[in-house]
2 protein chains.
Amino acid sequence: MSWPAGGGAVICGRGLLSKADIRIALDAMGGDHAPEEIVRGALQAREEGVGVVLVGREADISPYLPANLDGLGLVLASEVIGSHEPPVEALRLKPHSSIRVGLELVKRGEAHGFVSAGSTGAVAAAAVLVLGNIPGVERPALGLPYATPSGPAIILDVGANADCRPQFLLQFAHLGARYMERVWGIASPRIALLSSGEEEEKGNRLVRESHNLLKKSGLNFIGNLEGKDLLRGLAEVVVSDGFTGNVLIKATEGFGEAIHHELRHALRSRFYLRPLALLLRPALKEVVRKMDYNEYGGAHLLGVQGNVFVAHGRSKALAIKNALLMARRVADQGVLEALTEEKWLSLR
Amino acid sequence: MSWPAGGGAVICGRGLLSKADIRIALDAMGGDHAPEEIVRGALQAREEGVGVVLVGREADISPYLPANLDGLGLVLASEVIGSHEPPVEALRLKPHSSIRVGLELVKRGEAHGFVSAGSTGAVAAAAVLVLGNIPGVERPALGLPYATPSGPAIILDVGANADCRPQFLLQFAHLGARYMERVWGIASPRIALLSSGEEEEKGNRLVRESHNLLKKSGLNFIGNLEGKDLLRGLAEVVVSDGFTGNVLIKATEGFGEAIHHELRHALRSRFYLRPLALLLRPALKEVVRKMDYNEYGGAHLLGVQGNVFVAHGRSKALAIKNALLMARRVADQGVLEALTEEKWLSLR
């Protein structure tokens, strides 16, 4: 198979990716299982009608492409940023990285969103560099959607800003609120502030000062939320600085794995339960999936001028498919337009 | 039954709590299940030879006491500090609280440690007030012991200091190291810094500055640790500011509950698995217990001049018993003496 050399232009497979489709650029080179699982995820999303533009090295991607290329595109990018490279330096040294080329497609309006399972830091830095912030937004935040018994929720920031000022957290609350309104149709979503105690005076200085700002914000602020209540569905938007948020979501991941491991061990160590371990596997898998990033495919970088999604580095096809579906949904619902209309300057 | 009025003196049940025993003062009034479960926990610990001095209101405690009072003591305290009262104010308004009276027993050498399932903030503030810091220790830290596949570990601070400076974290590392050496006999325990990434440059400003101090500390510092690796047993001492640490341990608790709930639901919703739910209960319970605060009974306030333990507010008898056993072990191993010998002034 041979693709025409691209130089950044969208090349439609067999010319069947129409201009009218919502199409999402996908970093084919990012993540632990790139490019095979990434391409497989793209093909699965295509089954559900998402137009996908793969971005990366032709030689790496081609082996995994099917004969029928309807609804797929490929844009060549000759460089790859590794997950452990210092983001800003890597972007400078590799101007033709799949991350940068993909974001440039969004910038030029040739894709309606960008999904990468590559380095979160590099995607966030490149998005600010290439797309820029929505005017008035001080810091974009990484928002992670998750499931609760009372419906979807989002926690932000989960890693874009390690050091925050109270004004940043106020803006994160607004970003999250608009997101939940547009994407999930939730009017006046409940906003909570992640803290070490429910009482107003609990928390560190940042949280206490942010609490005061949020009380006066006009948002539906319900107060502080403790970590133990995160999954209970008491709020649709949970606001945190990016350091605490990141530590938290990674710990949750590790804890899920530890429980999984312990449970299997406990089953095996009881001879009468050993045959059941096999029967239980679907149930265990369902539990892990439900609490997993796979459910919504990844995090949304809110506050830049484009729809940018970071999937987990360990994403396999399912997570990539879900991230692409989510990206289409977000593009379709006009989240970016709603965020752009917000009066950010009054929130600084 | 009638106890002689105490006014703070240790009253030994039937006079059989000998001066030579290790005895631990126990706040009979603190926690969601006080006083019944607290007293039950005391009785269970007594079975294992721990001398326990119950502190609280006679009328509340007496109904739960057995006929045989060997190895038990009671010290009367007429006031109770609720878990939601602002700690410093509550201590001022209630000089005869069970927390304060219990700590005064430690101060006077009439008990070798103090355990409370009451307000963490009130216990920490009262401990500093009544016992004082070990000379040179800037801030006492709340350390939570937990189990990993490679043995016991401790994470600190999990709630005593919401806002920290790098020097505090350096001292926390030393507190944790001495603790693991003395209590668990681990020579040169591995110290890690909780962060949002393994790389040295990851984390917020506090973590990056603390990383530099720890590198030069002479401790066995292995670098940053992500939340997902917390339970893997890569380090014996995990250092964090009290805000992040507190959010983390509470989230872990909530996550355990959510998994438990989901798994039960998943089992019940599959007809062929429904009969197994009952068989599985012991295995599930073992998993939850293993990852639970019940295992070690509670957190240790390290850095004050006394052995002070905070059990979880929801502690039932088992957790209280384990906290009392841990308190005896800590008193027995001379942790406080080891901490007092450390050259704290050089660590400021």
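Visitor: What exactly am I supposed to notice about the packing of helix α4 (residues 98–107) of chain A against helix α5 (residues 120–130) of chain A here?
Guide: Helix-helix packing is described using two parameters, namely the angle between the two axes and the distance between the axes. All names here are of chain A. Packing of α4 against α5 leaves a shortest axis separation of 10 Å and a crossing angle of 40°. Overall, the two elements α4 and α5 adopt an arrangement that is oblique. In this structure, α4 crosses over α5, and the sense of that crossing is right-handed. Taking contact as the criterion, the partners of Ile99, Arg100, Leu103, Glu104 and Lys107 in α4 are, on α5, Ala122, Val123, Ala126, Ala127 and Val130.

Visitor: Can you walk me through the nonpolar core in this structure?
Guide: A general feature of soluble globular proteins is that nonpolar side chains tend to end up buried together. Within the largest apolar cluster, 210 residues are counted, with the highest numbers of intra-cluster contacts made by Leu26, Leu54 and Leu324 of chain A together with Leu26, Leu54 and Leu324 of chain B. Apart from residues lying up to four places away in sequence, Leu324 of chain A is in contact with Ile24, Leu26, Gly41, Ala42, Ala45, Val50, Val52 and Val115 of chain A.

Visitor: Before we go on, may I ask you to explain the pairing of strand β3 (residues 51–56) of chain B in this structure?
Guide: On a regular strand, one side chain projects to one face of the sheet and the next to the other, so that they alternate. Residue and element names in this part refer to chain B. Counting buried residues in β3 gives six out of six residues, a clear majority hidden from the surface. Burial along β3 is two-sided: the residues Gly51, Val53 and Val55 and Val52, Leu54 and Gly56 are all buried. Alignment of strand β2 (residues 23–27) against β3, held across five bridges, turns out to be parallel. When the bridges of β3 are listed, Ala25 appears paired with Val53.

Visitor: Just to check I follow, could you spell out unusual backbone geometry for this structure?
Guide: Trans peptide bonds make up the majority, and among non-glycine residues the majority have a negative phi. Cis geometry marks the peptide bond from Ala34 of chain A to Pro35 of chain A; its omega dihedral reads -5°. Mapped onto the elements, Pro35 of chain A comes out in the loop between β2 (23–27) and α1 (36–47). Note the cis peptide between Leu156 of chain B and Asp157 of chain B, where omega equals 5°. With respect to the secondary-structure elements, Asp157 of chain B resides in the loop between β7 (151–156) and α6 (166–184). Within the chain, Ser188 of chain A stands out as a residue other than glycine whose phi angle is a positive 50°.

Visitor: It is not clear to me how the pairing of strand β9 (residues 221–225) of chain A should be interpreted in this structure. Could you clarify?
Guide: Residues and elements named next belong to chain A. Looking at chain direction, strand β8 (residues 191–194) and β9 are connected through four bridges and run parallel. The residue bridging Ala192 from the neighbouring strand is Gly223, located in β9. With helix α7 (residues 205–215) bridging β8 and the parallel β9, this β-α-β connection has right-handed handedness.

Visitor: What is the right way to read α6 of chain B from this model?
Guide: Because an α-helix packs 3.6 residues into every turn, residues spaced three or four apart end up facing the same way. Residue and element names in this part refer to chain B. Over its 19 residues, α6 extends 27 Å from the first C-alpha to the last, a length consistent with the 27 Å expected when each residue adds 1.5 Å. Across the 19 residues of α6, 14 count as buried, placing the element largely inside the fold. Within two residues after α6, Gly185 carries a phi angle of roughly 65°, on the positive side.

Visitor: Please explain the packing of α1 of chain A against helix α10 (residues 317–332) of chain A as it appears in this structure.
Guide: Residues and elements named next belong to chain A. Relative to each other, α1 and α10 sit at 50°, their axes nearing to 7 Å. Classified by the angle their axes make, α1 and α10 are oblique. Classified by chirality, the crossing of α10 by α1 is right-handed. Facing α1, whose interface residues are Glu37, Ile38, Arg40, Gly41, Ala42, Gln44 and Ala45, α10 presents Ala317, Ile320, Lys321, Leu324 and Leu325. When grouped by side-chain class, the residues that make up the contact of α1 with α10 number seven nonpolar, two polar and three charged.

Visitor: Teacher, can you tell me more about the environment of Val128 of chain B here?
Guide: All names here are of chain B. Along the chain, the position of Val128 falls in helix α5 (residues 120–130). Judged by the 19 C-beta atoms lying within 10 Å of it, Val128 is partly exposed. Sequence separation between Val128 and Arg314 is 186 residues; the distance between their C-alpha atoms is 24 Å. Contact partners of Val128, with chain neighbours within four places excluded, come to Asn133, Pro140 and Val304.

Visitor: Explain the domain arrangement of chain A to me, please; I cannot follow it from the model alone.
Guide: Accessible area lost upon the coming together of the parts is a frequently used measure of interface size. All names here are of chain A. Partitioning chain A into domains gives domain 1 (1–136 + 303–348) and domain 2 (138–296). The partner domain 2 presents 20 residues to the 24 residues of domain 1 that form the contact. Mapped by element, the contributors of at least two residues to the side of domain 1 that touches domain 2 are α5, α10 and α11 (335–341). Element by element, the count of residues in the side of domain 1 that touches domain 2 is highest for α10, at six residues. Its residues placed into classes, the side of domain 1 that touches domain 2 shows 14 nonpolar, seven polar and three charged.

Visitor: For this particular structure, what's the right way to read the environment of Gly223 of chain A?
Guide: Residues and elements named next belong to chain A. Of note, Gly223 is situated in strand β9. Under the C-beta neighbour-count criterion, Gly223 is labelled partly exposed, with 18 such atoms within 10 Å. Along the backbone, Gly223 and Gly41 are 182 residues apart, and their C-alpha atoms lie at a distance of 39 Å. Those residues within four positions of Gly223 in sequence are excluded, and the remaining contacts are Ala192, Glu198 and Glu200.

Visitor: Help me out: how do you make sense of the confidence of the model for chain A in this one?
Guide: Low-pLDDT portions of the prediction should not be read for the details of their coordinates. All names here are of chain A. Per-chain confidence: chain A averages 87 in pLDDT, with 85% of residues scoring 70 or above. Here residues 1–16 scores under 50 on pLDDT; set against residues more than four positions off or in separate chains, the count is 32 contacts. What the predictor reports for the complex is a pTM of 0.89 with an ipTM of 0.87.

Visitor: Please explain α4 of chain A as it appears in this structure.
Guide: Residue and element names in this part refer to chain A. Within α4, nine of the 10 residues are buried, which leaves it mostly tucked inside the rest of the structure. Residues Ser98, Ile99, Arg100, Val101, Gly102, Leu103, Glu104, Leu105 and Val106 constitute the buried set of α4. Lining the buried residues of α4 we find β2, β3 (51–56), β4 (72–76), α3 (87–93), β5 (113–116) and α5. Note on α4: the residue one or two positions beyond its end, Gly109, has a positive phi of about 75°.

Visitor: Can you walk me through the environment of Glu226 of chain B in this structure?
Guide: Examined against the element boundaries, Glu226 of chain B turns out to sit in strand β9 (residues 221–226). With 21 C-beta atoms packed within 10 Å, Glu226 of chain B lands in the buried category. For the pair Glu226 of chain B and Leu72 of chain B, spaced 154 residues apart in sequence, the C-alpha separation works out to 44 Å. If we ignore the near neighbours within four places in the chain, the residues touching Glu226 of chain B are Lys250 of chain A together with Ser195, Gly197 and Glu198 of chain B.

Conventions and cut-offs
- Residues numbered from 1 in each chain as written.
- Chains lettered and ligands numbered in written order.
- Predicted model: local features only at pLDDT ≥ 70, side-chain atom pairs only at ≥ 80, totals over all residues.
- Axes fitted to C-alpha atoms, helices over the stretch in contact; angles between N-to-C directions.
- Helix = DSSP H or I, 4+ residues; strand = E, 2+ residues; numbered from the N terminus.
- Parallel < 35°, antiparallel > 145°, perpendicular 65-115°, else oblique.
- Left-handed = near helix turned anticlockwise from the far one by under 90°.
- Contact = placed C-beta atoms within 7 Å.
- Core = buried A, V, L, I, M, F, W, Y, C linked by C-beta atoms within 7 Å.
- Buried ≥ 20, exposed ≤ 12 C-beta atoms within 10 Å, placed from the backbone.
- Pairing = 2+ DSSP bridges.
- Right-handed = clockwise from strand over helix to strand, strands pointing away.
- Expected span 1.5 Å × (residues − 1).
- Nonpolar A, V, L, I, M, F, W, Y, C, P; charged D, E, K, R; others polar.
- Domains from an automatic or database assignment.
- pLDDT = per-residue confidence, 0-100.

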